[in-house]
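Single-letter residue listing:
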Amino acid sequence: HHIARTVTRAMLQSSDLILTMEKNHQEALRLEFPQDAQRIFLLSEMLGGRFDIQDPMGGSQMDFDGTLLELRTILVKAMEIITQKAMENAAYGCLLNEEYEKAINYTDKVIETNPNSSHAFSVSIQSKVHFEPIEKIIPTIPEPIKYSQEVAGAIGQCFFNSGNFNESTKWFEI
């Protein structure tokens, strides 16, 4: 059961992510709370789109049922994406804190569910290089991912850090 209420600053401060159903709600919140704008998104943006989910208020029971079905479908997929992004961010935080094994554990979980996550591969490479040479890591990366800008940049940085500037330059030019 849902009861509409006015959004307050305290509500937004206690949230890491604020999702709205309609663009006008997102815009209104961003205008009223500009300090929180970077955390306010359309729910549809979690799926890579940018569309409104119509509020059924004032509509028929069929309108409410249709919105409920749409929300269920979107929320299941959005939670998968949000969970993946959270694990990628946790892995990156571990990398920054030099907790390389933890970073690898997070990236492995992401790659298991999304083998096309260039961000997860990038963090994984930068973590694994502390345990094995970059030359041994490169063959384990799938071809299309290996040549993405983010992954190639991570490989280039690893070569650069090891003093192999010629190889580094090749990867940075991708």
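Up top you'll find the structure we're talking about.
Conventions and cut-offs
Residues numbered from 1 in each chain as written. Predicted model: local features only at pLDDT ≥ 70, side-chain atom pairs only at ≥ 80, totals over all residues. Heavy atoms only, no water. Patch = residues over 30% accessible without salt bridge, like charges linked within 9 Å, V, L, I, M, F, W, Y side chains within 5 Å. Areas by Shrake-Rupley, 256 points an atom, 1.4 Å probe, with all protein chains shown as cover. Salt bridge = Lys/Arg side-chain N within 4 Å of Asp/Glu carboxyl O. Helix = DSSP H or I, 4+ residues; strand = E, 2+ residues; numbered from the N terminus. Phe/Tyr/Trp six-rings, centres within 6.5 Å; stacked < 30°, edge-to-face > 60°. Buried < 20%, exposed > 50% of the residue type's maximum accessible area, 1.4 Å probe, protein only. Core = buried A, V, L, I, M, F, W, Y, C linked by side-chain atoms within 4.5 Å. Contact = heavy atoms within 4.5 Å.

Novice: Tell me about a nonpolar patch on the surface, and please be specific about residues and values.
Specialist: A surface patch of nonpolar side chains, amounting to about 310 Å² of accessible area, comprises Phe160, Phe165 and Phe172. Counting through the fold element by element, Phe172 comes out in helix α9 (residues 165-172).

Novice: For the packing of aromatic side chains, give the residues involved together with the corresponding values.
Specialist: Taken as a whole, this structure holds two aromatic pairs when the rule is applied. Relative to Trp171, the ring of Tyr147 lies with its centre 5.8 Å away and its plane at 10°, an arrangement referred to as stacked. In this pair, Tyr147 is assigned in the loop between α7 (143-146) and α8 (149-161) and Trp171 in helix α9, connecting sequence segments 24 residues apart. Taking the relative accessible area as the measure of exposure, Trp171 reaches 8% and is therefore buried. Taking the centre distance of 5.2 Å and the plane angle of 65° together, the rings of Phe160 and Phe165 count as edge-to-face. Given a relative accessible area of 40%, Phe160 falls into the partly exposed group.

Novice: Mind laying out the nonpolar core, listing which residues take part and the relevant values?
Specialist: Ile125, Ile134, Ile141, Val151 and Ile155 are the most contacted members of the largest nonpolar core, which has 17 residues in total. At the level of elements, α4 (100-113), α5 (118-128), α6 (134-137) and α8 are the ones that each hand at least two residues to this core. Top contributing element to this core by residue count: α8, with five residues. Sequence-distant contacts of Ile155, that is, excluding residues within four places in its chain, are made with Ile125, Ile134, Ile138, Ile141, Lys146 and Trp171. Of all hydrophobic cores here, the second largest spans seven residues; its members include Leu43, Met46, Leu71 and Ile74.

Novice: Can you explain unusual backbone geometry? Please cite residues and give values.
Specialist: Even without being glycine, Glu98 reaches a positive phi, approximately 60°. Mapped onto the elements of the fold, Glu98 is located in the loop between α3 (61-96) and α4.

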